[in-house]
Structure formats: C-alpha cells, structure tokens
Amino acid sequence: MTVTQTEQTPENETAEPADFGRLVAIDPLDFDPDGGTEKLVIVDPYNHRKKREEGDTTEPDPALIASVEEVGVQQAIILRPQEGERDGQLGIVIGQRRTLAAYRVASAAAQEGREYRKIPAIIRDDLRGVDDEALTVSMVENLHRRQASAQDDVDAAEQLALLVKAKKVPKARKRSLAAAIGRTEEELDAAHKVAQMDAETLEDLRDEEIEFDWVELGDYDEVKDVSNAQVTLMRAKAKDEQEGNAKRGAWKTAMQELRAKKARTERIETLKAELAEKKVNTVHWVWNWSYSTARPLEELVSGIGMPMSEQGHSETCEGHAATIDPDAAEVVWLCVDWKKHGHRIAGAAQGDDSDGEPDEKADAKAEAAREERRRVKVNNLAWRTARAGREAHIADMCKDKSEAPADVKDLIMRTLLVSDGHYVHYVGSQEHGAMLAKFLGDERLTRQPKDVITSLLKKTASKRYWWVLFAHVAGYFEAEHMKDDAWRGEPHYHHGPSVRGRIRPATAEWISFLKRHGYGVTEVEAETVATVEQEAEAEAKRRAEQERERQEWEAARAARQAENPAPDEDEEDGDDGEEDYQYDDMDEEDEEPAEAVENTDPEAEVEVDTGADEAEGHEDVTAEDDQEEGEQE
C-alpha cells in the first residue's frame, strides 16, 4: 500500500508523494534465521545488527520472547526486496530481534498445535538495491533505540510503579501485564525503585553491557556507592544462574553484606566526625601493631602492671590517640608510642632491659591473641549480619502455597519426635512466639494467644499446615543453634565461653538444609559447615583407628591363647604347678591393654596410688590374721 502526503502545501510548492512502503502480515515461520534461499524472509546483508562471527548481539532475551508470546509483535518490522540470487526474498532492515522472537514463539506453538500471531511488516520497495541507505536506516534506528532505552526504562518503571502502588490491578491481570512487557511480577513490585534511578546510572550499566532486571537494578541503586558493589553483584547473579537458583539466594546474600558494608562506612564517617569535634588525635588503622610504635590500650599495662583505660590514659599520657577499626566500625583507643611513655605489653615478662622490650615469645603470643580477638570480632559481626538475610529467606519459604517437599516434612518430624533438651528449652522460652510472629508475619503470635492460633488455623489451607509447622521448627533452629557465637563451637559447661568444644552438628545441618532450598550461604556460614565436616571426618578416623587397634589386640590375644591353651577342667589342680603358672601368665596378658592406656593417661598416677592403697589394705588383713592365730595357740 502506497501512502501519499495529503496535507496542504504552500501555493508556490508542489506536493510530492512520499513512499512509506506496503503494510503486510508475515508468517513468522516464513523467516529463515540462517539466511537460506527457500524461505521468504531473511536478515538483510546490510542490517546494522546482522549476526557476526565474533558474537551475536541480536539474540532476543527472555523478556522479549515473553512479550511476543503474550501480545505479539506490536511494532512493524522493515523489509526490503532482495536482488540477485536472493531475488524474490525480503530482507529485514529493522526488527531482526523481534522477528527471531516471533519465530521461536511460533515454532513452539506449531509443535504444540496452538495458534500464533503474524508479524506486522512494512515492505520498502524504494530501498531495493539501495544498500547504503538501507544500512543508514538500520544504524539510525538502533542508535536512537540505545540512546532512549535508559530513559524509557525509567519512564515505564515510574508509570508501572504508580499502577502497582494503587493496588487496583487483579493478580491475573498483573501477571498478564508483566508478561506483556517481558517482566515478572517481582519486577513490577520493584518498579518504584527503578523509577527513582537516574538515567546516567542506567546508561553506565548499559555501556558496560551489564544486564540487571528491575529487581536487581533497584537493589544495585541502593548500594552502588559501596566499593566493588557492581562486581560483587555480578558474581552473585552469575552464581545463581549457574546453580539454577530461582530464589536469588546468592544475590540476596550479597545484598545483605553490601548493606552491612554501607552501614559500616556510614558509621565510620560518623565516628570520624565525632572524634574531630572532640579534637581527639586520630591515627590510621594498622593491621599489625607489632610493626608500629603504637599499640591499643587493651594490649598495654602501666609501668607497674595496671590495666590501661581510655579515660585514665587520656589524663596521664601525652601519647593518647584513637583509630577506627574498619571491619568492626568502632573506635580503638591507643598510645602512639608505648615504649616512650613507659607502658608494657600485657602479659609480657619484664626483662633486664630498662626500655621494657618484650621477648619474642611474649610478643608472638600477644600477636596471636590479637589476631584471635580480631577473628572472633569479625566473625561475630558477619554471623549477626547473615541472620537478617537468613530469616528473610525463611519467611519467604513459609509463604509457599504449595505442598511442602519431602525433606521439609522429614525435618519437621525428626525435630518434633526427638524433642531433645534444646527443643524443650525453646518451646518454654519467649523466643518461641517471637520467631513464629517473624516467620508467619503476624505480630499477634508473639504471645501465642489461643484465639490467634485458632484464627491462623482457620485461614490456613490444609496443604499449608506443614509450612506453619516449618515456621515453628525454623524458630527452634534459629534460636537454639544459630546464636551469635554458634560458629565458634559449644561453650564449656564448667569453664565458661573462653573454652570451646565442637560446633553443634545441628548448626551445620540447618545451614545445609537452607542452602538446598535456595539460601545463599555466607562465607562464615560456609566455613562453619566445613569445620563441622572436618571435625566429623577426624572423629570418624579416630574411631576407625581405635577399632583397628582393638581388633589387632583381640587377634593377638587369640593367637596367644591358641599357643597356650587353658588346661582341661578334669585336670587336678597343682599336679605339676602348670596351672598356677598359666594363671599368672594370663593375668599379665589381660593387663597389657591397661598398661598401654596407663602410659598415655594424664591421670595414671591416681591409678597407681589406688593400687598402692589396695596393697596396704592387703597387708593389714594379713597382720590381723596372724594375730588371731597367735591368740588361738
């Protein structure tokens, strides 16, 4: 169809027809992506986005394919007649990605026996044989598309944010709307975040060929000023894609850590401002104080061995200063030159040197203690930071409306039926209601009134009962086995938290369970699971070695018994003294394992003393017997 210009023109000018082409409908299956000669439509050789060997930039993304499947191709593509050996075919000048998306949708529909939509197309006969103009048209269209895309995303997100915020769109319509624009419902919910982004940020991401969906864009905009945020999130996204994690486990964990890092950075800036306002001398943080003249006050004592406090040191020492621990985001008070001001390292023996120089062993011990304190501080912070993301993941799991999988049911049954001491403690604690309220999203559950529980059961579908029980079990694991210092191991029941045992197996079991259900495990959590596995492996080896030694000893004992068989029961005692000899010999053999244990047992002296007491008791009895015999005589 030829369209001519019909509007009025000045009298001294002649109206000339403008050829905009013929509007037609193209069957997507008439398109040949490989450029063969049998199909009607191919990619024009002068298409600006023609597929190249070094990389195909024309692949339609899932969002475009979803949009075409939902509403079809809405913008007409541009075709031009071909010449030479391609005579009779039509080449795509503009719209290659749309055509390929429609081709894939139509192919899938044809295989399933479903109907599919045709592609609106404009055939430009005026471009036949005009290769330079065809290339120019293709380039201009793609360049304009690229320049406008960032602002288009912002505008579309802003409009959809208003629409979603109004909550007047039914869920079915919302899903249809999301599919039509190639987005998900989750992305629609995050549209308001994208609407607040500046076009420059979007353009920078596009220039670097970083493809984040609207959920990811909203998250990135929140932490974009944190160092290495972009790289961290790209790695998390790649990990989720590699593991097929549709719940964005690695992404959510990365965001949690970046938010914590951002909070620490803001906290550090606040502390710097407070120290500057108080005119406190500040120095740069040093990772290893052994190579510095400065030392934290917690590692120092006065010349007479008294602990150093911040207030006392600031009043008496000119070397008083402060620094900020970047990991913990807290002020550390120190002395800039502890030797000069007559301080000593805490716990170091004072030598003959008047300068108070600690020996190498004491210095190494102090450095090891410092590193351990730092490790505990950093890991405690990381463990607490991970809790928010982990609990959010659990809350999402509890919202699942489908039947609970088998491993969830198994976990619930094992926890409820075993009911160990930790479980009993949890059920009787105040944390029970708090965890239920957190995971089921109902603050009324904090005190667990009967009417609220009854209401909860009434509005919960029977197939979702397992998820309510899961919230209960999840609260037990979080409260009892994921405490602030659970990564360090079980505190000793008598010696206190400074002496630690092994990490609870339930801690590692819970982390591994959540990981199987899409949770992105943090570094400290992964190290905790690895430690438990190593400890279990070491314990298994130890027990295997004990069993091997026991079997070897049993085999040796059996061999000795075979060489020296016990006498027959009918044989008279003391015929030739052989039975007494055999009896003594067997006693020695039976005591061999005890001697082996005695050599390595730190309490062996106690066993020896006990034996001596028994011997003395035997002598006393013998003396009394002699006395009785004398009286009888």
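Rules of the game
Residues numbered from 1 in each chain as written. Predicted model: local features only at pLDDT ≥ 70, side-chain atom pairs only at ≥ 80, totals over all residues. Heavy atoms only, no water. Phe/Tyr/Trp six-rings, centres within 6.5 Å; stacked < 30°, edge-to-face > 60°. Helix = DSSP H or I, 4+ residues; strand = E, 2+ residues; numbered from the N terminus. Buried < 20%, exposed > 50% of the residue type's maximum accessible area, 1.4 Å probe, protein only. Lys NZ or Arg CZ within 6 Å of the ring centre and 35° of its normal. Salt bridge = Lys/Arg side-chain N within 4 Å of Asp/Glu carboxyl O. Core = buried A, V, L, I, M, F, W, Y, C linked by side-chain atoms within 4.5 Å. Contact = heavy atoms within 4.5 Å. Pairing = 2+ DSSP bridges. Axes fitted to C-alpha atoms, helices over the stretch in contact; angles between N-to-C directions.

Draft legend 1. Spotlight on the packing of aromatic side chains. Enumeration according to the criterion identifies 13 aromatic pairs in this entry. Centre to centre, the rings of Phe212 and Trp251 are 5.4 Å apart; their planes meet at 80 degrees, and the pair counts as edge-to-face. One end of the pair, Phe212, is in the loop between helix H7 (199-207) and helix H8 (214-223); the other, Trp251, is in helix H10 (residues 249-277), with 39 residues separating them in the sequence. You'll find Phe212 and Trp251 in the same group, each marked buried. Feature note: the residues Tyr423, Tyr426, Trp467, Phe470, Tyr476, Phe477, Trp510 and Phe513 constitute an aromatic cluster, connected by ring pairs. Sitting above the plane of the Trp383 ring, Arg390 keeps its charged end 5.9 Å from the centroid.

Draft legend 2. Structural detail: the pattern of salt bridges. Following the criterion strictly, the structure yields 39 salt bridges and no others. Here Arg502 makes a salt bridge to Glu539, at a shortest N to O gap of 2.9 Å. Placement of Arg502 in the loop between strand S12 (496-500) and helix H18 (505-516) and of Glu539 in helix H19 (residues 523-563) is noted, with a sequence separation of 37 residues between them. In this structure Glu539 comes out as buried when scored by relative accessible area, which is 13%. The residue Arg542 makes a salt bridge to Glu539 at a minimum N-O spacing of 2.6 Å.

Draft legend 3. The nonpolar core, seen in detail. With 43 residues, the main nonpolar core has Ile394, Phe470, Trp510 and Phe513 as its most contacted residues. When residues of this core are traced back to their parent elements, those giving at least two are helix H12 (360-398), helix H13 (406-418), helix H14 (421-427), helix H15 (431-440), helix H16 (450-459), helix H17 (465-481), H18 and H19. The element contributing the most residues to this core is H17, with nine residues. Look past the residues within four positions of Phe513 in its chain and what remains in contact with it is Met397, Asp407, Val408, Leu411 and Phe470. Counting residues in each nonpolar core, the second largest holds 22 residues, with Val194, Met197, Leu233 and Leu258 among its members.

Draft legend 4. Focus on the sheet that holds strand S6 (residues 295-296). Spatially, three strands are ordered S6-S9-S8 in an open sheet, and the strand pairing comes out antiparallel. On the outer flanks of this sheet lie S6 and strand S8 (320-325), each paired with one strand and no other. Relative to strand S9 (residues 330-335), S8 runs antiparallel, the two sharing six bridges. Directly across from Ala321, in S9, lies its bridge partner Leu334. The strands that H10 touches are S8 and S9; relative to S8, the one it contacts most, it runs at about 165 degrees.

Draft legend 5. Layout of the sheet that holds strand S3 (residues 77-81). On the basis of which strands lie adjacent, the open sheet formed by five strands has the order S1-S5-S3-S4-S2 and mixed pairing. The open sheet has two edge strands, strand S1 (22-26) and strand S2 (41-43), and neither has a second partner. Each strand axis lies, on average, 40 degrees off the axis of its neighbour in the sheet, ignoring direction. Across three bridges, S3 lies against strand S5 (residues 119-123) in parallel orientation.

Draft legend 6. Local environment of unusual backbone geometry. If you check the backbone angles, Lys279 has positive phi at about 60 degrees while not being a glycine. Structurally, Lys279 can be placed in the loop between H10 and S6. Backbone geometry at Ser419 places phi at a positive 50 degrees, although glycine is not the residue there. Position of Ser419 among the secondary structure elements: in the loop between H13 and H14.

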